[in-house]
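The primary structure of each chain is shown beneath.
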Amino acid sequence: MKLRKALESIIDFGDRQLNRQNMSRTVVLPKTALKNCGFDLDDDDVRVNVSLVERDDEKFIKISPITATEVDDDDDDDEDDDEDDDDE
């Protein structure tokens, strides 16, 4: 486990405010930071995967860019988890 910690690098974006948006909270990240993480900000449909990571005694949110091929693969699925079946 110590080997993994040695390979980690942490970039601090400073204190960020959680803004209210309807019934949710949002946080704004700098555009340059997103570009450096591999996000294609020229694309109008930028999508991310958001995960809660729990490791030992720490918890954090992980945001990963979704590539265009991953989005295309998801669009080809016949079943979506978020659609309701009205035929029941």
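Residues numbered from 1 in each chain as written. Predicted model: local features only at pLDDT ≥ 70, side-chain atom pairs only at ≥ 80, totals over all residues. Heavy atoms only, no water.

Turning to the pairing of strand β3 (residues 48–55), a few remarks are in order. Successive side chains on a regular strand alternate, one facing one side of the sheet and the next facing the other. Bridge count between β3 and strand β4 (residues 58–65): eight bridges; the pairing is antiparallel. Among the inter-strand pairings, Glu54 is bridged to a residue of β4, identified as Lys59. Connecting the antiparallel pair β3 and β4 is a turn made up of two residues, with Asp56 showing a positive phi of about 50 degrees. (Pairing = 2+ DSSP bridges. Helix = DSSP H or I, 4+ residues; strand = E, 2+ residues; numbered from the N terminus.)

By the secondary structure assignment, Phe39 is in the loop between α2 (31–36) and β3. It is 5.7 Å that separates the C-alpha atoms of Phe39 and Pro65, two residues lying 26 residues apart in sequence. If sequence neighbours within four positions are ignored, Phe39 has contacts with Leu34, Val46, Val48, Ile63, Ser64 and Pro65. (Contact = heavy atoms within 4.5 Å.)

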